[in-house]
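Working through the structure, step by step
The residues making up each chain are set out below.
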Amino acid sequence: MHSDFVPESVETAPRESTDTSEPTSTPLPAPRWDPQQYLHHSGHRTRPFLDLLARIPALPGPSGAAAADTAAAGGARGTRGVGAPRTPVVLHGPGTRPPARIADLGCGPGNVTTLLAERWPDARVTGFDLSPEMLAQADKDHAGTTPGGGWLDFRPADLAHWTPDEPYDLIVSNAALQWVPNHPESFACWIDGLTPGGTLAFQVPGNFTSPSHALLGELCESPRWRARLRDHGRRYVHILEPADYLLRLTDLGCETDVWETTYSQLLHGEDPVLDWVKGTALRPALTALADDEEATEAFLAEYRDLLRRAYPPGPHGTVFPFRRIFAVARRKDR
Ligand SMILES: C[S@@+](CC[C@H](N)C(=O)[O-])C[C@H]1O[C@@H](n2cnc3c(N)ncnc32)[C@H](O)[C@@H]1O
């Protein structure tokens, strides 16, 4: 697959279109997020985060320090907001220590941020996000102290400009960087903000050429919708291919582990792919049409019909394959 990475300047310009009018020059409004809608598919959305967590290496520490990560043994049960999925049990051996300061970039409603606190309950974990709706939900459901003596908090930040405000042992991001044009340009600064041996770990969707997302882009650029939506159909398509992430992060002096997985997801209910996309990729289009209920309904009906043809329900539900790209980059200081 080719790289879907798009430079920042393209963010406000129209995509390929037969429309000959002038390109948009004003910045687009931030998409309005709906935490409840997003959480409809939290099981499938959490799985890749657990797979990412499982690959995060231990931090170097003084020999014999931090003998075992008791957090991993389930010490955080009872932590406010910690949900059903259990994080993998990982023990930190002699000479290693668990991360004490963790940032979660694009934390959304905080449901995966809280898994960080579950795994490392004495850590101080901060989730950063741009969406007031997501931050309010995260704060309500998950903020507070953890039984291990750590805490979870959530702060507003635009990842396009975020720089580490203090040294972090671990910076993670799950399903968020695809919204941030030029995020690879921030890697050097983020890695610089890690403690020696610290890790930058992220996961981004890699399915933007799949029917669900290709059809959305085409519909937004179709004659009926392009005047209102042409800039909104592919606003989240800012990723590199795995080999490009590998080279960039290795160039920055990291021990780097990059891989991809396609999850064969089985979704249930009526129009489940539409319901999935309503939580994420559709946010910009829905935000742009928010003041026009009739247009919203008409647009959703057209998209729904396209999705029904692309993802017909089967005897066990609707199969919705989802490719994701993972990167774990450890500073090689020690
Ligand atoms: C698909 S959600 C992922 C949420 C969470 N990380 C998870 O895995 O459930 C993407 C999140 O990225 C946030 N986001 C998008 N662009 C952002 C930016 N420029 N700065 C900060 N957050 C951003 C959105 O507000 C949203 O909460």
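Residues numbered from 1 in each chain as written. Predicted model: local features only at pLDDT ≥ 70, side-chain atom pairs only at ≥ 80, totals over all residues.

**Observations concerning the overall build of the chain**
Spelled out, the test is: Runs of E in the DSSP output that reach at least two residues are strands. Runs of H or I that reach at least four are helices, and both are numbered from the N terminus. Put plainly, a residue is buried at 20 or more neighbouring C-beta atoms within 10 Å of its own, exposed at 12 or fewer, and partly exposed in between, counting only other residues' C-beta atoms, which are placed from the backbone.
Broken down by element type, the chain carries eleven helices and ten strands. Across the 334 residues in the chain, those meeting the buried criterion constitute 43%.

**A short note on the packing of helix α6 (residues 211–220) against helix α11 (residues 293–310)**
Threshold: Interaxial angle, 0 to 180 degrees, is taken between N-to-C directions of lines fitted to C-alpha atoms, where a helix line uses only the stretch in contact. Here a crossing is called left-handed whenever its near helix is offset anticlockwise from the far helix by less than a right angle, and right-handed whenever the offset is clockwise. Any two residues are considered in contact once their C-beta atoms, placed from the backbone, lie within 7 Å. Polar here means any residue outside two lists: the nonpolar Ala, Val, Leu, Ile, Met, Phe, Trp, Tyr, Cys and Pro, and the charged Asp, Glu, Lys and Arg; Gly therefore counts as polar.
Close contact between α6 and α11 brings their axes to 10 Å; oriented N to C, the two are set at 150 degrees. Crossing angle aside, the handedness with which α6 passes α11 is right-handed. In contact with P211, S212, L215, L216 and L219 of α6, α11 contributes E302, Y303, L306, L307 and A310. For the contact of α6 with α11, the residue count by class is eight nonpolar, one polar and one charged.

**Here's the deal with the environment of P35**
Tracing the chain through its elements places P35 in helix α1 (residues 35–39). Accessibility expressed as a C-beta count within 10 Å gives 20 for P35, which makes it buried. Residues P35 and G108 lie 73 residues apart in sequence; the distance between their C-alpha atoms is 7.6 Å. When residues no more than four places from it in sequence are discounted, the contact partners of P35 are P109, E133, M134 and Q137.

**Brief notes about the sheet that holds strand β10 (residues 318–331)**
Condition: Here, strands pair whenever DSSP counts at least two bridges between them.
Taken in spatial order, the eight strands of this open sheet run β5-β6-β4-β3-β7-β8-β10-β9, and their pairing is mixed. With partners counted over all chains shown, the strands left at the sheet margins are β5 (144–145) and β9 (254–267), one partner each. Relative to strand β6 (residues 151–156), strand β4 (residues 124–129) runs parallel, the two being bridged by six bridges. If you follow F128 over to β6, its bridge partner there is R155. Those strands touched by helix α2 (residues 42–53) are β7 (168–174), β8 (194–205), β9 and β10, and its axis lies near 150 degrees from that of β8. Those strands touched by helix α4 (residues 132–142) are β4 and β6, and its axis lies near 165 degrees from that of β6.

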